[in-house]
Amino acid sequence: MMNRHFWNGKKVFITGHTGFKGAWLSLWLTMLGAKVTGYALTPPTSPSLFETAKIDQLIDSHKGNLNDLKHLQQVLTAANPDIVFHMAAQPIVGESYRDPVGTFQTNVMGTVNLLEAIRILDRQGAKIRAVVNVTTDKCYENKEWNWGYRENEPLGGNDPYSASKACSEIVTAAYRKSFFGQESLERVAIASARAGNVIGGGDWSEERLIPQCLEALIEKKPMILRKPQAIRPWQHVLEPLSGYLRLAEKLYEEDTQFYSEAWNFGPDLEDCVEVGSVVNRLYTKWGEKPNLKHYQTSMYKESTMLMLDCSKSKRLLDWKPIWNLDQALEKIVVWMKDYQNNAPMRDVTIKQINDYMDDFDKRKSSNESV
Ligand SMILES: NC(=O)c1ccc[n+]([C@@H]2O[C@H](COP(=O)([O-])OP(=O)(O)OC[C@H]3O[C@@H](n4cnc5c(N)ncnc54)[C@H](O)[C@@H]3O)[C@@H](O)[C@H]2O)c1
């Protein structure tokens, strides 16, 4: 878990702050006292957490395209951050089949542009110390194993999205070795973070399971299930975000390049479960009987089994999951019912972040007293 005091007064640059994970991270960082600058296109969905929680009132928000290096460079230079989180991407597998060129452009050249902008700024004497590039569990060559992938396993990707994220990993490693390594003048520590299927309140992405399921529940129509037996690593959005924060602290604070590599942030193995099980649990927590239609043929080739081995993050970053899948689903139900009741959603989201930090403290003190 991150050190709350570390973030007070830090200047943080986030790409993709208008997205699902970026909005949660922006809010959390402002709660910790960080000065956040965001760079992204407009929110990818409507509604969105970014607009619902009025995140633009809390941070310095810039609309911009990663593919516009000149503009990105200007905004980054003006922000002059200590720490950078790269979350902007085209993150949907289906969209990557419809628009492979755009997906590779954003996810690969977008990463190149950001790292290039950081390199140029560093040469001008800026003080950026830590960069975390957020990729995905899908960056591994999928072998349909019954165990989790470790960080040193081969990269791959059968679809354009997964392949683009594997490329983003290779770009990150190349920039690290070529420009940000110990042997060069620059001292920017740069790591990548690979998380699993992230869930939480405020995700309205049409092609993701939880938003689809919530829509079916609210509109009282059957939920169409694709690949109900597929196993995925499910985790609340705050879990990988706490890992990214912890990783950034280590990159910033440690002198060496020890942490400048890839890190997995996934749930415990008991929360790597079938798609069908997640849907059934969500219906039960909502207070409804499952109303499902199975749709056997998938338009796209998708893996059946995908899990992460997070031993390295647990051991070396002292990171671990706090909420299990059932707790994560309960938080989603509370968030969505509050949204339906027109509650102030920034306050609701802040409360969930505070609950998460409190649960971490409880877990820590109970471990220490054993
Ligand atoms: N949500 C998940 O389950 C999940 C799982 C693993 C990895 N990830 C990764 O986490 C990151 C964030 O995902 P998310 O779920 O928040 O996605 P999202 O679609 O909600 O947000 C994507 C963000 O990227 C921005 N963006 C897209 N193209 C851009 C461009 N060309 N220039 C500038 N900004 C651009 C959007 O405006 C938005 O702010 C992505 O890198 C994604 O691949 C997400």
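About the cut-offs
- Residues numbered from 1 in each chain as written.
- Predicted model: local features only at pLDDT ≥ 70, side-chain atom pairs only at ≥ 80, totals over all residues.
- Heavy atoms only, no water.
- Pairing = 2+ DSSP bridges.
- Helix = DSSP H or I, 4+ residues; strand = E, 2+ residues; numbered from the N terminus.
- Axes fitted to C-alpha atoms, helices over the stretch in contact; angles between N-to-C directions.
- Contact = heavy atoms within 4.5 Å.
- Buried < 20%, exposed > 50% of the residue type's maximum accessible area, 1.4 Å probe, protein only.

**Quick look at the sheet that holds strand β3 (residues 60–63)**
Point 1. Taken in spatial order, the seven strands of this open sheet run β3-β2-β1-β4-β5-β6-β10, and their pairing is parallel. This sheet does not close on itself; its edge strands, each paired only once, are β3 and β10 (262–265). Shown here is a sheet whose adjacent strand axes are inclined to one another by a mean of 20°, direction ignored.
Point 2. Looking at chain direction, strand β6 (residues 189–195) and β10 are connected through four bridges and run parallel. Bridging from a neighbouring strand, serine 192 pairs with alanine 262 of β10.
Point 3. Strands in contact with helix α6 (residues 160–180) are β5 (130–134), β6 and β10; relative to β6, the strand with the most contacts, it is inclined by about 165°.

**Regarding the pairing of β6**
Point 1. Summarising burial for β6: seven of the seven residues are buried, a large majority.
Point 2. Burial of the side chains of β6 extends over both faces: Ala189, Ala191, Ala193 and Ala195 are buried on one face and Ile190, Ser192 and Arg194 on the other.
Point 3. Across five bridges, β5 lies against β6 in parallel orientation. Paired with valine 134 across the two strands is alanine 193, which belongs to β6.

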